[in-house]
Amino acid sequence: MTAPFAVVDVIRTKRDGGELTGAQIDWVIDAYTRGAVAEEQMSALLMAIFLRGMSDRELVRWTMAMINSGERMDLSGLARPTVDKHSTGGVGDKITLPLAPLVAACGAVVPQLSGRGLGHTGGTLDKLEAIPGWRATLTSEEYLRQLHEVGAVVCAAGAALAPADRKLYALRDVTGTVDSIPLIASSIMSKKIAEGASALVLDVKVGSGAFMKDVATARTLAEAMVALGTAQGMRTVALLTAMDTPLGRAVGHALEVAEALDVLAGGGPPDVVELTLALAREMLDAAGLVDVDPAKALADGRAMDTWRRMIAAQGGDPDARLPRASEVHTVTAARAGVVTSVDAYPVGIASWRLGAGRARKEDPVSATAGVVVRARPGDRVTVGAPLLELHTDDPDRIELALATLEGAVTIGDAAQTLPLIVERVG
Ligand code: URA
């Protein structure tokens, strides 16, 4: 069959600042997903979009075409309201781990199809795989059964969910076109809308450890995603939250699971607890469950009970000991004072270099590798006090991680950090 559009015309239109028609967008996404548009042609189109942006109309149509490239899940048969959360990714962001069982324990259903880490931010599936026996892949029947019986699932998205995104994301990763607002918004929202939840809370990270380095850009991304979700009838709100400092103390898969367990047991770092509860309140509100107090469900152990059932349903042993690294190297303070900043980005890169991250999608990750932040902004330290702990099973990696961390912790008179919750959009 003759293609209805010449791909070169589509590229030229975008390159020259024109607007693509709905029919052109539908065609180019479908043809690319089927392999009828070459990788080099889509690369050129992505770069044109990166440089020229998209109109609101183009963005809605592009996102719909990505959703229509695969299946759209139907969760309308579940008796309870469905609500999901998505974070744009940050260093030490383990919030999904306590949050999903907490919100399920409060009466909503949390269907979370999740990804693996790329670059310096860790993926939720990689974290959960630190738990002996836990498996990320479920059949559709297992997925729906767990949603009925436990109320929360965190698992890998199947190949049928927005397959256009899978190809486009891999191509963006190697063509310098990841950090484009319309491409990020359509990538995230196509998967979240296809997942079928009736409400969504977005945690848009801002700061050195996030995709979005400043509040204005993070706000623009949040507004684009909230508009896309709302236009599709999904109640969508976003919180802009700080990612200038790692979240909590633990960065790295098993280390973060242990910290999430502390939160579920009623302890844990105050910022992790605060953000978990703030997101839980937004999710319950979006799900129409306004009279439920998530702080109670955390304190009385209901969230921990749901966590245990959620992990066991996916083959994990909630009582198993988490793996620990064989080598721990401590970085200490060279001077006394107040910790003024702990820069999330180098801490994320160091954790990645210690073995927690992957350079290519298919690389394995180390469950035990990572960094523990022993002194947080605002803490007073003396000379020789521990600042950071580097965990790894491969001592050869420590030197490179140390080089990355040069200057990552600053000591002075007063802490300079963003507020944890910067603002709400929606
Ligand atoms: N996460 C996604 O799923 N897509 C992006 O483009 C960026 C972050």
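The structure presented is a predicted model; accordingly, all values stated were derived computationally and were not measured.

**Q** I keep staring at the pattern of salt bridges and nothing clicks. Help me out?
**A** Two side chains bearing opposite charge may form a pair once their charged atoms approach each other closely. Across all of its chains, the model carries 23 salt bridges by this definition. The salt bridge partner of arginine 12 is aspartate 9, with a shortest N-O separation of 3.3 Å. A residue pair is termed a helical-turn pair when its members lie 3 or 4 positions apart in one helix, as arginine 12 and aspartate 9 do in helix H1 (residues 7-15) at 3 residues. Residue classification places aspartate 9 among the partly exposed positions, given a relative accessible area of 40%. The salt bridge involving arginine 376 is made with aspartate 271; its shortest N-O contact spans 3.1 Å. Of this pair, arginine 376 sits in the loop between strand E9 (370-373) and strand E10 (380-381) while aspartate 271 sits in helix H12 (residues 270-286), and the two are 105 residues apart along the sequence. Judged by its relative accessible area of 17%, arginine 376 is buried. One connected set of salt bridges, linked through shared partners, spans Asp84, Lys192 and Glu195.

**Q** Looking at this model, I keep getting lost on the layout of surface pockets. Mind explaining?
**A** Here the idea is plain: a probe the size of a water molecule rolls over the atoms and shows the empty space left. Approximately 380 Å³ is the volume attributed to the second largest pocket. Considering the residues around the second largest pocket, the lining is formed by 18 residues, among which Ala254, Leu255, Ala258, Arg324 and His391 are closest to the centre. At the level of secondary structure, the elements contributing two or more residues to the lining of the second largest pocket comprise helix H11 (253-264) and strand E11 (386-392). Considering every element that reaches the lining of the second largest pocket, the biggest residue donor is H11, with 5 residues. Class assignment for the residues of the lining of the second largest pocket results in 10 nonpolar, 2 polar and 6 charged. In this structure, the lining of the second largest pocket is formed jointly by two domains, domain 2 (83-313) and domain 3 (327-412), each of which donates at least three residues.

**Q** Explain the nonpolar core here, please?
**A** Across soluble globular proteins, you tend to see nonpolar side chains buried next to one another. If you look at the biggest cluster of nonpolar residues, it comprises 75 residues, and the most contacted ones within it are Val103, Trp307 and Leu388. When residues of this core are assigned to their parent elements, the largest contribution, 10 residues, is made by H12. Residue contributions to this core reach at least three from each of two domains, namely domain 2 (83-313) and domain 3 (327-412). With residues near it in sequence (within four places) discarded, tryptophan 307 still touches Leu97, Pro101, Leu128, Ile131, Val257, Leu261 and Leu264. Counting residues in each nonpolar core, the second largest holds 58 residues, with Ile25, Ala31, Trp62 and Leu113 among its members.

Cut-offs used in this document
Residues numbered from 1 in each chain as written. Predicted model: local features only at pLDDT ≥ 70, side-chain atom pairs only at ≥ 80, totals over all residues. Heavy atoms only, no water. Salt bridge = Lys/Arg side-chain N within 4 Å of Asp/Glu carboxyl O. Helix = DSSP H or I, 4+ residues; strand = E, 2+ residues; numbered from the N terminus. Buried < 20%, exposed > 50% of the residue type's maximum accessible area, 1.4 Å probe, protein only. 1 Å grid on protein atoms, 1.4 Å probe; cavity = no way out; pocket = protein on both sides within 12 Å on 5 of 7 lines; lining within 4 Å. Points joined across faces, edges and corners; volume = space filled by probe spheres on them. Nonpolar A, V, L, I, M, F, W, Y, C, P; charged D, E, K, R; others polar. Domains from an automatic or database assignment. Core = buried A, V, L, I, M, F, W, Y, C linked by side-chain atoms within 4.5 Å. Contact = heavy atoms within 4.5 Å.

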